[in-house]
Amino acid sequence: MEKFNMQRQVSYMKNWLIEQGFLDEQFLQLEELQDDVNPNFVEEVVALYFKDSSRMMINIDAALERSPLDFSKLETFMHQFKGSSSSIGAKKVKNECSLFREYCEQGNKDGCLRTFQQVKKEHAILRKKLDSYFQLARQAGPLQAASRPM
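This structure is a prediction, so every number in the text was calculated from the model and none was measured.

**Regarding the environment of K94**
- Counting through the fold element by element, K94 comes out in helix α5 (residues 91-106).
- Ignoring anything within four residues of it in the chain, the contact list for K94 reads D24, K82, S85 and S86.

As structure tokens, then:
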């Protein structure tokens, strides 16, 4: 019974993350790829995302400190960051990346700087929320398929 309640909490938490706009349907599609052979698939993909995206943010930070700004290079970096974010369903991060790219197209340095701070904020919030989600999911354990009586 306790395991069932924990699994229900995991489900509620995931639904809340989607309802609040942190995640989108791509995250659900990733979960559909998870199976008994690779029960931690989504968590591993998300861990790789955070590792790679942290490195990308360092590159963007460095590019934002150069003068004059190379908006084309910044847009390329952010295009890659947005693609990575989209691949795990990081909706709020992806939306901020889109806004950043719009500022790059306009050549708006202040807009880029302000939006990048928001990208980093949304990234950190998502990391914390997904850490909690995966911790709860590990405690709940995998869903057990119903077995037929013999």
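**Quick notes on the packing of helix α2 (residues 25-32) against helix α3 (residues 41-65)**
- With their axes 8 Å apart at the nearest point, α2 and α3 run at an angle of 130 degrees to one another. In terms of their interaxial angle, α2 and α3 are classed as oblique. Mapping the contact onto sequence places F27, L30 and E31 in α2 and F41, V42, V45 and V46 in α3.
- Of the residues in the contact of α2 with α3, the class split is six nonpolar, no polar and one charged.

**As for the environment of L74**
- When you line up the elements, L74 lands in helix α4 (residues 71-88).
- Each C-alpha atom of the pair L74 and I60 lies 6.5 Å from the other, and the pair is 14 residues apart in sequence.
- Contact partners of L74, with chain neighbours within four places excluded, come to I60, A63, L64, L69, F100 and C104.

**Observations concerning the nonpolar core**
- By size, the foremost hydrophobic cluster in this structure holds 37 residues, and its most contacted members are F81, F100, L126 and L130.
- For this core, the elements supplying multiple residues, two or more each, are α1 (2-19), α2, α3, α4, α5 and α6 (109-140).
- Setting aside its immediate chain neighbours within four residues, F81 contacts Y49, S53, M56, M57, V93, C97, V119 and H123.

**Quick look at α5**
- Its 16 residues place the ends of α5 23 Å apart at the C-alpha level, agreeing with the 22 Å of an ideal helix rising 1.5 Å per residue.
- Among all positions in α5, only V93, K94, E96, C97, F100, R101, Y103 and C104 are buried.
- Buried residues belonging to α5 abut α3, α4 and α6.

**Here's the deal with the pattern of salt bridges**
- One pass over the full model with this rule turns up six salt bridges.
- Residue E31 is joined to K14 by a salt bridge in which the shortest nitrogen-to-oxygen separation is 2.7 Å. Of this pair, E31 sits in helix α2 while K14 sits in helix α1, placing them 17 residues apart in sequence. The pair formed by E31 and K14 is uniform in burial state, with each residue classed as buried.
- Between K120 and D61 there is a salt bridge, and its shortest N-O distance comes to 3.4 Å. Residue K120 is located in helix α6, and its partner D61 is located in helix α3; the two are separated by 59 residues in the primary sequence.
- A residue is classified by how much of its surface remains accessible, and K120, at 24% relative accessible area, is partly exposed.

**Overview of the packing of α4 against α6**
- Close contact between α4 and α6 brings their axes to 13 Å; oriented N to C, the two are set at 25 degrees. Here α6 runs roughly parallel to α4, going by the angle between their axes. In this structure, α4 meets α6 at a crossing whose hand is left-handed. Across the interface between the two elements, F71, M78, F81 and I88 of α4 pack against K109, C112, F116, V119, H123 and L126 of α6.
- Tallied by class, residues from the contact of α4 with α6 come to eight nonpolar, one polar and one charged.

The rules behind the values
- Residues numbered from 1 in each chain as written.
- Predicted model: local features only at pLDDT ≥ 70, side-chain atom pairs only at ≥ 80, totals over all residues.
- Heavy atoms only, no water.
- Helix = DSSP H or I, 4+ residues; strand = E, 2+ residues; numbered from the N terminus.
- Contact = heavy atoms within 4.5 Å.
- Axes fitted to C-alpha atoms, helices over the stretch in contact; angles between N-to-C directions.
- Parallel < 35°, antiparallel > 145°, perpendicular 65-115°, else oblique.
- Nonpolar A, V, L, I, M, F, W, Y, C, P; charged D, E, K, R; others polar.
- Core = buried A, V, L, I, M, F, W, Y, C linked by side-chain atoms within 4.5 Å.
- Buried < 20%, exposed > 50% of the residue type's maximum accessible area, 1.4 Å probe, protein only.
- Expected span 1.5 Å × (residues − 1).
- Salt bridge = Lys/Arg side-chain N within 4 Å of Asp/Glu carboxyl O.
- Left-handed = near helix turned anticlockwise from the far one by under 90°.

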